[in-house]
Amino acid sequence: MKSYRIAAIGGDGIGPEVVAAGLEVLDATASADGGFSFEVTGFDWGSDRYRATGRMMPDDGIDQLRPFDAIYFGAVGDPDVPDHVTLWELRLKICQGLDQYANVR
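Let me sum up the structure you'll find in this document.

The rules behind these values
Here, residues in each chain are numbered from 1, in the same order as that chain's written sequence. Selection of residues for local features in this predicted model requires a pLDDT of at least 70, selection of side-chain atom pairs for listing and counting requires 80 or more, and totals for whole chains, interfaces and linings are taken over all residues. Side-chain numbers come from the whole structure's heavy atoms, not from hydrogens or water. Put simply, buried Ala, Val, Leu, Ile, Met, Phe, Trp, Tyr and Cys residues joined by side-chain atoms within 4.5 Å make one nonpolar core. Three exposure classes are used, based on accessible area relative to the maximum for each residue type with a 1.4 Å probe and protein chains only: buried under 20%, partly exposed in between, and exposed over 50%. Here a strand is any run of E in DSSP of at least two residues, a helix any run of H or I of at least four, and the numbering for each starts at the N terminus. Contacts are residue-level and defined by heavy atoms, with any inter-residue pair within 4.5 Å sufficient. A pair of strands is considered paired only if DSSP assigns at least 2 bridges between the two. Axes here mean lines fitted to C-alpha atoms, for a helix over just the part in contact, with angles spanning 0 to 180 degrees between N-to-C directions.

Next up on the list: the nonpolar core. Soluble globular proteins: nonpolar side chains tend toward being buried together. Core analysis: the largest hydrophobic core is formed by 14 residues, its most contacted members being Ile9, Phe43, Trp45, Met57, Leu65, Leu90 and Ile94. For this core, the secondary structure elements donating two or more residues are β1 (2–11), α3 (61–65) and α4 (83–97). Of the residues forming this core, the biggest block, three residues, is contributed by α4. Sequence-distant contacts of leucine 65, that is, excluding residues within four places in its chain, are made with Ala7, Ile9, Phe43, Trp45, Ile71, Ile94 and Leu98.

Turning our eyes to something else, we now look at the sheet that holds strand β3 (residues 70–75). Read from one edge to the other, the open sheet built from three strands follows the order β2-β1-β3, with strand pairing classed as parallel. Whereas interior strands pair on both sides, the edge strands pair on one side only; in this sheet they are β2 (36–43) and β3. Taken over all neighbouring pairs, the strand axes of this sheet differ in orientation by 25 degrees on average, direction set aside. The pairing of β1 with β3 spans five bridges and is classified as parallel. Across the sheet, the residue bridging to glycine 11 is alanine 75, located in β3.

This is the structure we're talking about:
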């Protein structure tokens, strides 16, 4: 059976709830099909982490994401954290660091 490694980054606000619900759908799909599965690893990267550490993700965050088949990314943004911080230190850092050209929704 094929297993796909998914990095799950819930982010902020409703993001973690949406990602959790989406992962339930993925699991149900895999169970119904029976020919594949998912191995999900969650990352606590987002504004709460920024407030606690001063960083949206660790310095080696891109390297941590490289082995995964896909990244399931929630919503990022918080009224108390400037938009340029959440954008440049997480979303764009991931896109540019992994040469992602599409953000599929």
